[in-house]
Amino acid sequence: MTDAAGTWWDRIAAGFTQSPVPHVTGTELALVVLLAVVLSLPRVTWRYFGLLATVTHELGHAFAALMTGQRVGGIRLGLDHSGTTTTYSRRPLAAVWSTFWGYPVPAVVGAAMVWSGFNGWGPAAMSVGTLILLASFLFIRNGIGLLITAAAVLAAAMLVLFVPPEFTGHVMIVLGLALLVAAVRDLGKVATVHLRHRDRLASSDAYLLSRATRIPAAVWIVLFAVVVGAAWWFAWQPMSQVLAAGLPPQWQGAALHAFGSAPA
């Protein structure tokens, strides 16, 4: 056990160096996108992967609160993908800031993971993510939340221990894209709450923001979508280069221009 813990920590520490940039082909990218969709869309897989999206969502609230000097009272998680982060602040704008950074954060984190995977920083992203999950234990306030977080930490630990550094970038691309898809799915879910299930409005961050600011919830949902869209655009840049590389040379420049990406 001690040896395993030591090896795990050595792998965590070693992750903070740049590894060789992974070679991703167009075929592999298509498979990666398919795998990300399989993790985030079918109900059977979403039942489990959606819990990671929920953890990321709630940690987004907590991190934004700490950024603005608020006190984080705790995070509660449910197996039905529900979550609550309690913060305390005497500054209304700080509370608005932390409430906003829930739905967009899975997309932001996903884009960062995709970028890291494509640029040789996959092991670093894995190390950072594992340490953040470990630190989140300080804020979990219910048994189910502890169980969900422990499962996420165990999964991350297994990846750190058993996935060779040269393949970690590929894993980060898959997980990052899956979180990006999850962010879009959750945006659709919150929009549906406002359009069809208004009895559940209390669960919507957009509703809470509208009550706190008198700005309509629809505006907040649009702002969520803008950040999620920007995250997708950022993640698309390295993917567009992979797709363009599979085209005939005379078409590559036009394709990169159309995709909105500059050659590496």
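For the structure, check the block above.
Sequence order sets the numbering: in each chain, residues are counted from 1 along the sequence as written. With the structure being a predicted model, the display of local features is reserved for residues of pLDDT at least 70 and the display and counting of side-chain atom pairs for 80 or more, all residues being used for whole-chain, interface and lining totals. Only heavy atoms go into the side-chain values, all of them from the structure, while hydrogens and water stay out.

## Here's the deal with the nonpolar core
Then comes step 1: Residue types Ala, Val, Leu, Ile, Met, Phe, Trp, Tyr and Cys, when buried and joined through side-chain atoms within 4.5 Å, form a set referred to as a nonpolar core. When accessible area is computed with a 1.4 Å probe and restricted to protein chains, residues below 20% of their type maximum are described as buried, those above 50% as exposed, and intermediate ones as partly exposed. With 44 residues, the main nonpolar core has Phe49, Phe118, Leu177, Leu180 and Phe224 as its most contacted residues.
Then comes step 2: Think of it this way: any DSSP run of H or I at least four residues long counts as a helix, any run of E at least two long counts as a strand, and we number them from the N terminus. It is helix H8 (residues 165-195) that contributes the most residues to this core, 12 residues altogether.

## Details of helix H2 (residues 26-40)
Then comes step 1: To estimate how far a helix should extend, the number of its residues minus one is multiplied by 1.5 Å. For H2, with 15 residues, the first-to-last C-alpha span of 21 Å sits near the 21 Å given by 1.5 Å per residue.
Then comes step 2: Elements in contact with the buried residues of H2: helix H3 (43-67), helix H5 (105-118), H8 and helix H10 (217-245). Contacts are assigned to residue pairs that have any heavy atoms within 4.5 Å of one another.

## Description of the pairing of strand E2 (residues 83-88)
Then comes step 1: Between any two strands, pairing holds if DSSP finds at least two bridges. Strand direction decides the pairing type here: strand E1 (residues 71-77) and E2, joined by 6 bridges, are antiparallel. When the bridges of E2 are listed, leucine 77 appears paired with glycine 83.
Then comes step 2: Two successive antiparallel strands, E1 and E2, enclose a turn made up of 5 residues, where histidine 81 displays a positive phi of approximately 75°.

## A closer look at the packing of aromatic side chains
Then comes step 1: Pairing of aromatic side chains here covers Phe, Tyr and the six-membered ring of Trp, requires ring centres within 6.5 Å, and sorts the geometry by plane angle: under 30 degrees stacked, over 60 edge-to-face, intermediate tilted. Taken as a whole and assessed by the stated rule, the structure comprises 5 aromatic pairs.
Then comes step 2: Between phenylalanine 100 and tryptophan 101, the ring centres sit 5.1 Å apart and the planes meet at 85°, which makes this aromatic pair edge-to-face.
Then comes step 3: Residue phenylalanine 100 is classed as buried on the basis of its relative accessible area of 10%.
Then comes step 4: A connected cluster of aromatic rings, assembled from ring pairs, spans Trp97, Phe100, Trp101, Tyr103, Trp220 and Phe224.

## Section: the environment of histidine 61
Then comes step 1: One can find histidine 61 in helix H3.
Then comes step 2: For histidine 61, a relative accessible area of 7% translates into the label buried.
Then comes step 3: When the C-alpha positions of histidine 61 and leucine 146 are compared, they lie 18 Å apart, and in sequence the two are 85 residues distant.
Then comes step 4: Excluding residues within four positions of it along the chain, histidine 61 makes contact with Thr85, Ser98, Thr99, Trp101, Gly102 and Asp205.
Then comes step 5: Under this definition, polar contacts are N or O atom pairs within 3.5 Å; protein pairs additionally need one hydrogen-donor-capable and one acceptor-capable atom, and for neighbouring residues in sequence, both atoms have to be side-chain atoms. Of note is the side chain of histidine 61, whose polar atom sits 3.1 Å from the side chain of histidine 57.

## A word on the environment of leucine 41
Then comes step 1: Structurally, the position occupied by leucine 41 is in the loop between H2 and H3.
Then comes step 2: The sequence separation of leucine 41 and valine 153 amounts to 112 residues, and the corresponding C-alpha distance is 23 Å.
Then comes step 3: Setting aside chain neighbours within four positions, we find leucine 41 in contact with Trp46, Val181 and Arg185.

## Looking at the packing of H5 against H10
Each pair of packed helices can be described by the angle between their axes along with the distance between the axes.
Then comes step 1: The contact between H5 and H10 brings their axes to 8 Å, and the two run at 15°. Comparing their axes, H10 and H5 come out roughly parallel. Like other packed secondary-structure pairs, H5 and H10 cross with a definite hand, here left-handed. Contacts between H5 and H10 pair Ala107, Val108, Ala111, Val114, Trp115 and Phe118 from the former with Val227, Val228, Ala231, Phe234, Ala235, Pro238, Met239 and Val242 from the latter. To obtain an axis, a line is fitted to C-alpha atoms, over the contacting stretch when the element is a helix, and the angle between two such axes runs from 0 to 180 degrees between their N-to-C directions. Angles are sorted into four bins: roughly parallel if under 35 degrees, roughly antiparallel if over 145, roughly perpendicular if 65 to 115, and oblique for all others. Crossing handedness follows the turn of the near helix against the far one: under a right angle anticlockwise gives a left-handed crossing, and clockwise gives a right-handed one.

## Some remarks on the side chain of threonine 149
Then comes step 1: Mapping threonine 149 onto the fold places it in helix H7 (residues 143-162).
Then comes step 2: Within the structure, threonine 149 has its side chain in polar contact with the backbone oxygen of glycine 145 (distance 2.8 Å).
Then comes step 3: Not counting residues within four places of it along the chain, the set of residues in contact with threonine 149 comprises Leu77, Leu133, Ser136, Phe137 and Ile140.

## What to know about the packing of helix H6 (residues 122-136) against H7
Then comes step 1: For the pair H6 and H7, the least separation of the axes is 9 Å and the interaxial angle reads 155°. Taken together, the axes of H6 and H7 lie roughly antiparallel to each other. As H6 packs across H7, the resulting crossing turns out to be left-handed. Residue-level contacts link Met126, Thr130, Leu133, Leu134 and Ser136 of H6 to Thr149, Ala152, Val153, Ala156, Leu159 and Val160 of H7.
Then comes step 2: Counted by class, the contact of H6 with H7 contains 8 nonpolar, 3 polar and no charged residues. When residues are grouped by polarity, Ala, Val, Leu, Ile, Met, Phe, Trp, Tyr, Cys and Pro land in nonpolar, Asp, Glu, Lys and Arg in charged, and all others, Gly among them, in polar.

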